[in-house]
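Structure assessment
Residue-level listing of the chains:
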Amino acid sequence: MKISIDDLNKAFESRIRLGIMSVLMVNDWVDFGTLKELLNITDGNLASHISALEKLEYVKIKKQFLGKKPNTSYAVTKQGKKAFNDHLNALEKIIKKST
Amino acid sequence: MNEQAESIAQLKEIRSLMERSSRFLSLSGLSGVFAGTYALIGAWLAYLKINQFSSTLTLRSSYRSDSFDYDDLALFLVADASLVLLLSVGTGLFLTLRKAKKQGQKIWEPVSKKLLINLLIPLIAGGIFCLVMMHHQLYGLILPATMIFYGMALMNAGKYTLHDVWYLGLCEIALGLIAAIYPGYGITFWAIGFGVLHILYGSIMYFKYER
């Protein structure tokens with residue numbers, strides 16, 4: 001019985017990237033600080049994973065000013081949503097194959 | 001079968017993060033139990049006061065109807081309801097803070113702001129509407145209206161906290177509508193809606209999430 005791990009998206013092989021996508025799937029725009037708190041990782045760690053997802057066009061970025069403070073927030077793109085949902089379907093298929 | 005275990009773990013983590021980032025999970029079910037208890041006591045006191053009021057009214061029917069008595073009764077009921085509300089909110093906040101600390105979460109985050117706005121707007125609208133009804137002396141529908149508005153506020157807020165709140169809201173709306181059809185039993189329905197249902201849902205939530 002061949003378990004199709006090929007359908008799993010390599011981009012989501014990192015727990016942190018899974019986490020970022022999970023949060024962005026259910027919230028419109030999430031700012032850097034909130035993501036950092038939710039995932040409990042360092043600035044640099046988060047920044048590098050986000051830019052990787054951005055390069056894949058799964059995540060889009062919005063920079064604005066809240067008063068005087070710069071604020072960066074992120075949202076999932078249409079491609080990102082599709083890619084993540086495909087990944088979730090693949091995960092579920094793998095799990096179902098055991099029953 | 002390592003793939004299965006890993007996939008299950010991944011899905012679990014995904015679901016947990018999705019929940020944590022979009023819902024305020026520190027709401028304590030115990031606050032419902034306390035709020036329900038306060039409401040039952042408040043309803044009982046209101047019932048006693050109204051009984052006392054109607055019996056003195058029949059004694060005095062030969063005299064001019066004092067607007068004094070009505071105001072006194074109205075004041076008591078408003079004070080009663082306000083006290084129940086204050087104690088419920090106060091206890092709820094205390095218990096929620098305690099649960100948040102236990103979970104290592106903060107209570108003031110973007111999710112709580114969303115929750116508060118979605119809860120307070122229908123609630124305040126309901127409160128103003130009830131004041132307007134009082135002004136127009138439409139007393140019979142005030143209690144049902146409080147339940148209906150409260151139920152809608154809960155259904156709205158239920159999207160941003162534990163989902164059980166959504167179902168509680170649904171029950172409150174149904175009960176409020178029934179109460180509107182039978183205006184004579186206002187206090188009874190109020191006691192069920194704010195008392196019994198809160199204790200019921202509060203206990204369910206407490207044993208589901210905290211025990």
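Residues numbered from 1 in each chain as written. Chains lettered and ligands numbered in written order. Predicted model: local features only at pLDDT ≥ 70, side-chain atom pairs only at ≥ 80, totals over all residues. Heavy atoms only, no water.

1. Observations concerning the confidence of the model for chain A
Where the model shows low pLDDT, its predicted coordinates should not be examined in detail. Quick reminder of the rule: Confidence scores here are pLDDT values: one per residue, from the predictor, ranging 0 to 100. By definition, any uninterrupted DSSP run of H or I lasting at least four residues is a helix, any uninterrupted run of E lasting at least two residues is a strand, and each is numbered from the N terminus.
Across chain A, the average pLDDT comes to 88, with 92% of residues at or above 70. Model confidence for chain A, summarised as mean pLDDT per element, is weakest for helix α4 (residues 78-96) of chain A at 88 and strongest for helix α3 (residues 43-55) of chain A at 94.

2. A closer look at the sheet that holds strand β1 (residues 30-31) of chain A
Residue and element names in this part refer to chain A. Using the following cut-off: In this analysis, strands are considered paired if DSSP registers two or more bridges between them. Contacts are residue-level and defined by heavy atoms, with any inter-residue pair within 4.5 Å sufficient. All axes here are fitted lines through C-alpha atoms, helices being fitted over the stretch that makes contact, and every angle between N-to-C directions spans 0 to 180 degrees.
Read across the open sheet, the three strands follow the order β1-β3-β2; overall the sheet is antiparallel. Bordering the open sheet on either side are β1 and β2 (59-66), each of which pairs with just one other strand. Bridging between β2 and strand β3 (residues 69-76) involves eight bridges; their strand directions are antiparallel. The residue bridging Leu66 from the neighbouring strand is Lys69, located in β3. Here helix α1 (residues 15-26) sits on the sheet and contacts β1, β2 and β3; the angle it forms with β3, its principal contact strand, is near 90°.

3. Some details on the environment of Gly184(B)
All names here are of chain B. Here is the rule we go by: Throughout, exposure labels follow a simple rule: accessible area from a 1.4 Å probe, protein chains only, divided by the maximum for the residue type, with under 20% read as buried, over 50% as exposed, and the rest as partly exposed.
Tracing the sequence through the fold places Gly184 in the loop between α6 (164-181) and α7 (186-209). By relative accessible area, which is 71% here, Gly184 ends up exposed. Sequence separation of Gly184 and Gly140 is 44 residues, and the distance between their C-alpha atoms is 7.9 Å.

4. Some remarks on the interface of chain A and chain B
By a frequent convention, interface size equals the accessible area lost on bringing the separate parts together. Basically, it comes down to this: Summed over both partners, the accessible area lost on bringing two parts together, with a 1.4 Å probe, is the buried area. Counted as salt bridges are all cases of a side-chain nitrogen of Lys or Arg within 4 Å of a carboxyl oxygen of Asp or Glu. By the criterion applied in these results, polar contacts are pairs of N or O atoms within 3.5 Å in which, for protein atoms, one can donate a hydrogen and the other can accept it, and in which residues neighboring in sequence qualify only through two side-chain atoms. Each residue is assigned to one class: nonpolar for Ala, Val, Leu, Ile, Met, Phe, Trp, Tyr, Cys and Pro, charged for Asp, Glu, Lys and Arg, and polar for all the others, Gly among them.
Counting from both sides, the interface comprises 23 residues of chain A and, opposite them, 16 residues of chain B. Both faces considered, chain A and chain B share a buried interface measuring about 1,800 Å² in area, 68% of it formed by carbon and sulfur atoms. Three residues, Leu38(A), Leu91(A) and Ile95(A), lead the burial of chain A against chain B; their summed loss comes to 25% of the area buried on that side. Taken together, chain A and chain B are joined by two salt bridges. Notably, a salt bridge pairs Glu37(A) with Lys106(B), separated by 3.7 Å at the nearest N-O pair. Linking chain A with chain B are four residue pairs in polar contact (both at pLDDT 80 or more). Looking at the side of chain A that touches chain B, the elements with two or more residues in it are α1, α2 (32-39) and α4 of chain A. Along the lines of polarity and charge, the residues of the side of chain A that touches chain B split into 13 nonpolar, six polar and four charged.

5. Focus: the pattern of salt bridges
All names here are of chain A. In total, this model carries nine salt bridges over all chains according to the counting rule given. Here Lys10 and Glu13 are joined by a salt bridge, their closest N and O atoms 3.6 Å apart. Taken individually, Lys10 and Glu13 each receive the classification exposed, so the pair is uniform in this respect.

6. Examining the nonpolar core
The following threshold applies: Joining through side-chain atoms within 4.5 Å is the link that ties buried Ala, Val, Leu, Ile, Met, Phe, Trp, Tyr and Cys residues into a set, and such a set is a nonpolar core.
Counting 30 residues, the largest nonpolar core has Phe12(A), Ile20(A), Met21(A), Leu35(A), Leu39(A), Tyr58(A) and Phe84(A) as the members making the most contacts within it. Secondary-structure elements contributing two or more residues to this core are α1, α2, α3, β3 and α4 of chain A together with α1 (2-22) of chain B. Here the element with the most residues in this core is α1(A); it accounts for seven residues. Those residues in contact with Ile20(A) that sit more than four places away from it in its chain are Leu35(A), Leu39(A), Leu46(A), His49(A), Ile50(A) and Leu53(A). Counting 19 residues, the second-largest nonpolar core is a separate cluster that includes Val84(B), Met147(B), Trp190(B) and Ala191(B).

7. Looking at the packing of helix α5 (residues 142-157) of chain B against α6(B)
Residues and elements named next belong to chain B. Applicable threshold: Note on angle classes: values under 35 degrees are labelled roughly parallel, values over 145 roughly antiparallel, values of 65 to 115 roughly perpendicular, and the remainder oblique. Crossing chirality is assigned from the near helix's rotation relative to the far helix, an anticlockwise turn below a right angle marking it left-handed and a clockwise turn marking it right-handed.
Contact geometry for α5 and α6: axes closest at 7 Å, N-to-C directions at 160°. Comparing their axes, α6 and α5 come out roughly antiparallel. With respect to the hand of their crossing, α5 and α6 are arranged in left-handed fashion. Residues Pro144, Met147, Ile148, Tyr150, Gly151, Met152, Leu154 and Met155 of α5 lie in contact with α6, whose contacting residues are Val165, Trp166, Leu168, Gly169, Leu170, Glu172, Ile173, Leu175, Gly176, Leu177, Ala179 and Ala180.

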